[in-house]
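Okay, here's what each chain looks like letter by letter:
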Amino acid sequence: MSVFLRAAAYIFHPLLMPLLGILFYYTVTPRFLNTEIVYSHLMVVTIVTIAIPLVIFFLLKNFGVVTSIHLRDVSERKLPLMIQSILLLLLIKFVFHPYENAALYYFILGVLFTTLTALILVFFNFKVSLHQMGVAGLSVFVIMLSIHFEINLLLWMGFACIVNGWVASSRLHTKSHTSQELIMGFVIGAFPQLLFVSYWL
């Protein structure tokens, strides 16, 4: 059971959430898609939100700025969250546009606002759950896609609920977060997605 709970922290790592959201969108959308554009978007998002942050993480770890990829200490979170915010801003500026693909644009914008909120809380010495933020935001996005495209995604929504519970249990089991930090993570992850959904739904 311990291995199962700990696995959630790696399978649903916050770095993976933007890519999973975009991949899910391209999987369920009934609209015609240019496969070259889809592959290029997935490649760019993989590089910008996963590959570059991982390279930066190993550099920061070598310099002793961070000790773990889970950023357990509040002080370790400042620089990685700042860098992630800049990278997300680049995606919004150069890759996704509100008039070409509003759903993905506002999804990434929501992720950016979530990241910035987590960064602000760091300056108040509050460690919110980044894992819970990620899965909460993705869960809301899945629900909104079901409404937007008028397609049945109940199985995916049910799975998203299970994942939220799995991730929360994992973080509690490893004593990485308190209940308050998990609840705040859920709210901070979900609220920006709900805030921006009126612009594309």
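Predicted model, so just to flag it, every value in this text is computed and none were measured.

A. Representation of the nonpolar core within the structure. The biggest cluster of nonpolar side chains holds 48 residues, and the ones touching the most others in it are I22, F96 and L145. Here L145 is in contact with F24, Y25, V28, E150, I151, L153 and W200, once residues within four sequence places are set aside. Formed by 15 residues, the second largest nonpolar core is a distinct cluster that contains F57, L121, V128 and I188.

B. Seen up close, empty space enclosed by the protein. Scanning all chains against the criterion turns up one cavity of 30 Å³ or more. Each pocket or cavity is described by its volume, and for the largest cavity that value is around 500 Å³. As for the largest cavity, its lining consists of 32 residues, of which P14, L15, L81, Q84 and L130 are closest to the centre. Of the residues belonging to the lining of the largest cavity, the class tally is 21 nonpolar, 11 polar and no charged.

C. Up close: the packing of helix α1 (residues 2-11) against helix α7 (residues 154-173). Across the interface, α1 lies against α7 with an axial gap of 8 Å and an inter-helix angle of 110°. As far as their axial angle goes, α7 and α1 are roughly perpendicular. The two elements α1 and α7 meet at a crossing, and its hand is left-handed. Here α1 contributes S2, F4, L5, R6, A7, A8, A9 and I11 to the contact with α7, which in turn contributes W166, V167, S169, S170, R171 and H173. Considering only residue class, the contact of α1 with α7 consists of eight nonpolar, four polar and two charged.

D. Looking closely at the side chain of S68. Counting through the fold element by element, S68 comes out in the loop between α3 (35-62) and α4 (78-94). What S68 contacts, discounting residues up to four positions off in sequence, is F57 and E76.

Calculation criteria
- Residues numbered from 1 in each chain as written.
- Predicted model: local features only at pLDDT ≥ 70, side-chain atom pairs only at ≥ 80, totals over all residues.
- Heavy atoms only, no water.
- Core = buried A, V, L, I, M, F, W, Y, C linked by side-chain atoms within 4.5 Å.
- Buried < 20%, exposed > 50% of the residue type's maximum accessible area, 1.4 Å probe, protein only.
- Contact = heavy atoms within 4.5 Å.
- 1 Å grid on protein atoms, 1.4 Å probe; cavity = no way out; pocket = protein on both sides within 12 Å on 5 of 7 lines; lining within 4 Å.
- Points joined across faces, edges and corners; volume = space filled by probe spheres on them.
- Nonpolar A, V, L, I, M, F, W, Y, C, P; charged D, E, K, R; others polar.
- Axes fitted to C-alpha atoms, helices over the stretch in contact; angles between N-to-C directions.
- Helix = DSSP H or I, 4+ residues; strand = E, 2+ residues; numbered from the N terminus.
- Parallel < 35°, antiparallel > 145°, perpendicular 65-115°, else oblique.
- Left-handed = near helix turned anticlockwise from the far one by under 90°.

Functional significance is not addressed by these values, which are geometric in nature.
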